Amino acid sequence: MSKAFEQSDNAGSIVSVTDRVRPVEIGAPVSAVHFLGETAVFVGDEETLTFVTGSGEAARLPIHDGAILGTASDGKRIVSGGDDGKVIEIKADGSVATLATDAKRRWIDNVALHPDGAVAWSAGKTAFVRSAKGEEKSRDVISTVGGLAFAPKGLRLAISHYNGVTLWFPNMTAVPEVLDWAGSHLGVVFSPDNKFLVTSMHEPSLHGWRLADARHMRMTGYPTRVKSVSWSADGKSLATSGADTVILWPFASKDGPMGKEPGILAPMPSRVSMVACHPKQDVMAVGYSDGTVLMVRISDGAEILVRRKAEQAITALAWNAQGSVLAFAAADGNAGLFTL
Amino acid sequence: MSETTAEKIPVTVLTGYLGAGKTTLLNRILSENHGKKYAVIVNEFGEIGIDNDLIIGADEEVFEMNNGCICCTVRGDLVRILDGLMKRKGKFDAIIVETTGLADPAPVAQTFFVDEDVQNNARLDAVVTVADAKWLSDRLKDAPEAKNQIAFADVIVLNKTDLVTPPELAEVEGRIRAINPYAKLHRTQRCQVALSDVLERGAFDLDRILELEPEFLAADEHDHDHEHCHDENCTHEHHHHDHDHHHDHDHGHGHGMKHYHDEDMQSLSLHSDKPLDPNKFMPWLQQLVATEGQKILRSKGILAFSGDDDRYVFQGVHMMLEGDHQRAWKEGEPRQSRLVFIGRELPEQTIRDGFERCIAA
């Protein structure tokens, strides 16, 4: 990037709250952050979670014997999958339980949580669902599972893979519906209104389907792969990483973003690496590959600087359920908490 | 992604037809006392007799990129596994990817060309092909996969040489050289090859293309080389021609080396003492791989451009190319351009004519 486009021009005028951020040193690469109540839980690349309370006390909790490949949280617990073949459940009080151990010690690549307590995970081509009652079922798909997501209503699991997504009702015997689209589908999310399904692909693009009629929605134009997506509080837009601005796809109408221009917000001379929409307000937090963190008002693009650029990319970003605290972390383990 | 100053992890791709001895070589790499720790991505669990928590099973899942490039296939499982392995950086020094005996090495190599995350963290070191001295000649006739693996190789471990007679060995080497004269070739029994000959080769490192010149261009240091050529003219010929002209008096193997012209898989070498016009050459090369990329398995070149004091180097796998200015030409160093293509049914005359037109006026 050219020096001429450094942020210095804006840095003077932009509202900054960097001095109100409580720095936290995790001491190892961080891949995600979740809130359990008011405690921020930073997920290390390997082995360990770090619990950071509101007062800033940090406690480390080893959960896997190896890399932590994926985590999901519903605010009450975190479920994680590791390269040790284990699915682990962690609760706010720090209690740890092993939910499953893969018989062949295969990597647990993905995990997902359902509001009613069901848990899903995948190892290789097999997706597993364990209901709140502890009943376990599995389903094989055509290739290794790229991502898992529970539908907002009913017990329905989306399993992304090569050339599409399988929509599986684990409690029904019917043949699962398959949404086709050529290529490798990785992350997968349902829209909060249960009308759309969106995947992030290996190519720098998203693909979506309208669930009512499986109509395709191609969302392309990114310079790099989209690794972070977040629904706005009203569920009407999907904020995405991958470009040097936040790309915001409009999903308010019945056609989703088809035939509409996406919103373009928070341009920076750096790639957006993480997005996290505020749970209640018209605001999102944005992390960049140069370490910058901004808060951005979606309606007019107004920006507040939360963290200045630093050495490493932002790799974790999350709000607590109330939307009163923002947690972030960079790849080098430099993290912070900002209370609104 | 942020720029990482950390060293990229080298990745060795280990191929070879069924039964050639891949697992034997892998077990040697893992068990020898070299002080290095390898993460290994395998297709068959259980064949490896070494206890190592960094042995990962893969499903060899290939998918086509949605970029309109029909031969642009990528190993999605490898992207995922490398991503997961990078979370354990520091726990291992290098990665070995074993492919199945029937695999085409191209999707593995292409994964390193197209995936940004993979490129940021790892680098392809070399494609090492283990071949069975007794059966390779037959497989080259009936198994296109075996031919691909030889054509693609940077290093060939010609194994089980104790099971063949010297004339049979000479024949199989001749067949290998007819397809790929540029790979380093090692004759072994039970894969007894120095590990430094198969690991840390830097075969895909643009900066090290210079070091590869002996095999790559003309004078292989090996005693088993049959296409020595110190003659200026020979680079304009197929290498089997060089071999025809030179091997008897240059070496005198006493093997009665025969010349094999593989019907479809071959290499093509181009050479010019006159500088090339970059404004003609680059579009020509890009067009060539765009139209003929399915046939071209590997390509490499060291180029002298007119009005440019730097050497330009490039390499490619099918339709994917990468290239860069490497360093300044040294004083007294001949500013020559050399290109090599290894492929199937290469349109030789078209390529030669196109190349000639790129020579600067």
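Residues numbered from 1 in each chain as written. Chains lettered and ligands numbered in written order. Predicted model: local features only at pLDDT ≥ 70, side-chain atom pairs only at ≥ 80, totals over all residues. Heavy atoms only, no water.

Enquirer: Help me understand the overall build of chain A in this model?
Expert: Tallying secondary structure elements over chain A gives one helix and 30 strands in all. Here the contacts in chain A between residues at least 6 apart in sequence split such that 41% fall between residues at least 24 apart. Counting only carbon and sulfur atoms, one obtains 52% of the accessible surface of chain A, whose full area is about 13,900 Å². (Helix = DSSP H or I, 4+ residues; strand = E, 2+ residues; numbered from the N terminus. Contact = heavy atoms within 4.5 Å. Areas by Shrake-Rupley, 256 points an atom, 1.4 Å probe, with all protein chains shown as cover.)

Enquirer: Please explain the side chain of His207 of chain A as it appears in this structure.
Expert: All names here are of chain A. Relative to the assigned elements, His207 resides in strand S18 (residues 206-210). With relative accessibility at 1%, the residue His207 sits in the buried group. Those residues in contact with His207, other than ones at most four positions away along the chain, are Trp181, His185, Leu197, Val198, Thr199, Met201, His216, Met217, Arg218 and Met219. (Buried < 20%, exposed > 50% of the residue type's maximum accessible area, 1.4 Å probe, protein only.)

Enquirer: Would you explain the packing of aromatic side chains in this entry?
Expert: For any pair of aromatic rings, geometry is given as the distance between the ring centres together with the angle between the planes. Residue and element names in this part refer to chain A. On inspection of all chains with the given rule, the structure shows nine aromatic pairs over all chains. Ring centres 5.0 Å apart and planes at 70 degrees place the aromatic pair Trp231 and Phe251 in the edge-to-face group. Here Trp231 is found in strand S20 (residues 229-231), whereas its partner Phe251 is found in the loop between strand S22 (246-250) and strand S23 (263-265), with 20 residues between them in sequence. Judged by relative accessible area, Trp231 falls into the buried class, the value being 15%. The class for Phe251 is buried, based on a relative accessible area of 2%. (Phe/Tyr/Trp six-rings, centres within 6.5 Å; stacked < 30°, edge-to-face > 60°.)

Enquirer: In this structure, what is going on with the pattern of salt bridges? I would like to understand it.
Expert: Opposite charge on two side chains allows them to pair when their charged atoms are near. Summed over the entire model, instances satisfying the criterion amount to 39 salt bridges over all chains. Here Asp142 of chain B makes a salt bridge to Arg139 of chain B, at a shortest N to O gap of 3.0 Å. A residue pair is termed a helical-turn pair when its members lie 3 or 4 positions apart in one helix, as Asp142 of chain B and Arg139 of chain B do in helix H5 (residues 136-142) at three residues. In this structure, Asp154 of chain B and Lys300 of chain B form a salt bridge, with 3.9 Å as the shortest nitrogen-oxygen distance. Taken together, the positions of Asp154 of chain B in the loop between helix H6 (144-152) and strand S8 (155-159) and Lys300 of chain B in strand S11 (residues 296-304) put the pair 146 residues apart, joining distant regions of the chain. You can call Asp154 of chain B buried: its relative accessible area is 10%. Residue Lys300 of chain B is classed as buried on the basis of its relative accessible area, which comes to 13%. Among the ionic contacts, a cluster of salt bridges with common partners joins Arg210, Asp213, Arg215, Lys254 and Asp255 of chain A. (Salt bridge = Lys/Arg side-chain N within 4 Å of Asp/Glu carboxyl O.)

Enquirer: Would you mind showing me how to read the confidence of the model for chain A here?
Expert: Predicted coordinates in areas of low pLDDT are best not read in detail. Mean pLDDT over chain A stands at 93; residues scoring 70 or higher make up 96%. Segment residues 1-11 of chain A is flagged for pLDDT under 50; beyond a separation of four residues in sequence, or across chains, it makes eleven contacts in the model. (pLDDT = per-residue confidence, 0-100.)

Enquirer: Whenever I open this one, the interface of chain B and chain A confuses me. Can you help?
Expert: Interfaces are often sized by the amount of accessible area the parts lose when they come together. Contact residues are listed per partner, giving 26 residues for chain B and 30 residues for chain A. The interface formed by chain B and chain A holds nine salt bridges in total. With its nearest N and O atoms 2.2 Å apart, the salt bridge here joins Asp115 of chain B to Arg225 of chain A. Our enumeration of links across chain B and chain A arrives at ten residue pairs in polar contact (both at pLDDT 80 or more). (Polar contact = N/O pair within 3.5 Å; in protein donor to acceptor, adjacent residues only side chain to side chain.)

Enquirer: I would appreciate a short explanation of the packing of helix H10 (residues 278-292) of chain B against helix H11 (residues 348-356) of chain B in the present structure.
Expert: The relative placement of two packed helices is expressed as an angle between their axes plus a distance between the axes. Residue and element names in this part refer to chain B. Interhelical geometry of H10 versus H11 gives an angle of 160 degrees and a closest axis separation of 10 Å. By the angle class used here, H10 and H11 are roughly antiparallel. Crossing hand, H10 versus H11: right-handed. Counted together, Phe281, Trp284 and Leu288 of H10 and Ile351, Gly354 and Phe355 of H11 form the full contact between these two elements. (Axes fitted to C-alpha atoms, helices over the stretch in contact; angles between N-to-C directions. Parallel < 35°, antiparallel > 145°, perpendicular 65-115°, else oblique. Left-handed = near helix turned anticlockwise from the far one by under 90°.)

Enquirer: When you look at the sheet that holds S20 of chain A in this model, what are you seeing that I'm missing?
Expert: Hydrogen bonds between backbone atoms are what pair the strands of a sheet, whose relative direction is either parallel or antiparallel. Residue and element names in this part refer to chain A. One open sheet accounts for four strands, arranged S20-S21-S22-S23; its pairing is antiparallel. The open sheet has two edge strands with one neighbour each: S20 and S23. Direction aside, neighbouring strands of the sheet carry axes that sit 25 degrees apart on average. Strand direction decides the pairing type here: S22 and S23, joined by three bridges, are antiparallel. When the sheet's bridge partners are listed, Ile247 is paired in S23 with Ile264. (Pairing = 2+ DSSP bridges.)

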